[in-house]
Amino acid sequence: MNGKNRLKLGFFGANCSSGKSVTTAPERWSGAWPEMLEFARDADAGGFDFLLPIGRWKGYGGSTDFQGSTYETLTWATALLASTKRITVFGTVHAPLFEPVLAAKQMVTADHVGHGRFGLNIVCGWNEGEFEMFGVKQREHDLRYEYAQEWIDVVMQAWAHEGTFDYDGKYLQIKNARAYPKPLGNSRPLLMNAGASGPGQAFALRNCDAFFVATGGTRTSLEGSATMVNEMKNAARALGREIEIFTVGQVICRPTQKEADEYYHYANIENADWEAIDGMLKNRHITRDAIPADEYQAKRRYFAANAVGGYPFVGTPDRVAEELEIISKAGVRGIGLSFVNFLNEVPYFCDEVLPRLERRGVRAKH
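About the thresholds
- Residues numbered from 1 in each chain as written.
- Predicted model: local features only at pLDDT ≥ 70, side-chain atom pairs only at ≥ 80, totals over all residues.
- Heavy atoms only, no water.
- 1 Å grid on protein atoms, 1.4 Å probe; cavity = no way out; pocket = protein on both sides within 12 Å on 5 of 7 lines; lining within 4 Å.
- Points joined across faces, edges and corners; volume = space filled by probe spheres on them.
- Nonpolar A, V, L, I, M, F, W, Y, C, P; charged D, E, K, R; others polar.
- Helix = DSSP H or I, 4+ residues; strand = E, 2+ residues; numbered from the N terminus.
- Buried < 20%, exposed > 50% of the residue type's maximum accessible area, 1.4 Å probe, protein only.
- Lys, Arg positive; Asp, Glu negative; His and termini not counted.
- Salt bridge = Lys/Arg side-chain N within 4 Å of Asp/Glu carboxyl O.
- Polar contact = N/O pair within 3.5 Å; in protein donor to acceptor, adjacent residues only side chain to side chain.
- Contact = heavy atoms within 4.5 Å.
- Core = buried A, V, L, I, M, F, W, Y, C linked by side-chain atoms within 4.5 Å.

(A) Region of the structure containing the layout of surface pockets. Considering only enclosed or pocket space, the largest pocket measures out at about 1,300 Å³ in volume. Along its surface, the largest pocket is lined by 41 residues, and Trp 126, Ala 194, Gly 195, Ala 196 and Arg 284 are the ones closest to its centre. Classifying every residue of the lining of the largest pocket gives 23 nonpolar, 13 polar and 5 charged.

Written out as structure tokens, the structure reads:
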């Protein structure tokens, strides 16, 4: 993540069955460990910058039980860090579900295994059904970030404080805590967050190195994307901090535009797992009874077409490279990519898209 690549490229959601594609297509990503390990090693050898998992505990139903089979991300990250050489691997941690001193110790373990290549994606959570699994009651929205601030404060002390320390907060009271070893190299892991609300953004700006945002329809508009990036960077600078902006997207890249468009429609629309999409919407309290029928259908199609919140980069290697360059020129520092099948599709991306990005000056020659 500290290399020469102007645009950091990584992968998002590979720890989950189906990844980010709500599809019943039989070739969809299994998320099984043998394929996961092979893919991670290929990503490492290919010069990609990071692997970012989704913190998921329960699937969304449907015929695929979308994201129903997942690896716990700190264990997952530690295993992959032990099996790779240069790529950064993040853990995605629900602060309300992980005691902070224990989590700090787990993350330092991963950091040492990976020789300083571990990163933390801290999340507060929103899925009430998942929290019920752990007997934890979700807090009101703004209070989640109050708790998360105390949580990260404790983690930071565990990483940096010599000797023992106490913490007396509104939510956390800790006595005589001690945590050794410290993160590798007298530093700390990279911190990332993707809070979309006002309190979520404020939390990220105060604490994190990277902030994930949705590019939406502006991914081909240099001006629109640059405005969004500058607003976030200026907000961080007003707090005396620097922050990098990241985004996510699904890639469907084929030799011709027709092939890419046809596969996109086949995987994301024709074979969408509509029951799973209904399950996701229900978790967000969006049901057929709650909103007009046409609005509900529009939301269903949006979830299917955009791989659950990631812009689809669909086209030839030239087109995909061009759109990624536009994002880079707008100031976006990195993008977490997803594929219908990571292991099957990433080699073509490496062979065709990466060299084009190198020629455009977006990526350093690997």
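(B) Structural view of the side chain of Asp 44. Residue placement: Asp 44 occurs in helix H1 (residues 33–45). No salt bridge is formed by the buried Asp 44; its nearest oppositely charged neighbour, Arg 86, is found at 4.9 Å. Among the polar contacts listed, one links the side chain of Asp 44 to the backbone nitrogen of Lys 85, at a separation of 2.8 Å. Contacts of Asp 44, omitting those with residues within four sequence positions, involve Thr 84, Lys 85, Arg 86 and Ile 87.

(C) Inspection of the nonpolar core at higher detail. Phe 11, Phe 39, Leu 120, Trp 151 and Phe 349 are the most contacted members of the largest nonpolar core, which totals 81 residues. By residue number, the principal contributor to this core is helix H5 (residues 141–160), which donates 9 residues. With sequence-adjacent residues up to four places away left out, Phe 11 is seen in contact with Phe 39, Ala 43, Phe 48, Phe 50, Leu 51, Leu 52, Gly 336, Leu 337, Phe 339, Phe 342 and Val 346. Counting 23 residues, the second-largest nonpolar core is a separate cluster that includes Tyr 60, Phe 66, Ile 277 and Phe 303.

(D) How the structure looks around empty space enclosed by the protein. Applying the stated rule across the entire model yields 1 cavity of 30 Å³ or more. As a volume, the largest cavity reaches approximately 30 Å³. In terms of lining residues, the largest cavity is bounded by Ala 104, Lys 105, Val 108, Ala 158, Trp 159, Ala 179, Tyr 180 and Pro 181. Of all the elements in the fold, those that place two or more residues in the lining of the largest cavity are helix H3 (100–113) and H5. If one sorts the elements of the lining of the largest cavity by residue count, H3 sits on top with 3 residues. Residue composition of the lining of the largest cavity, by class: 7 nonpolar, no polar and 1 charged.

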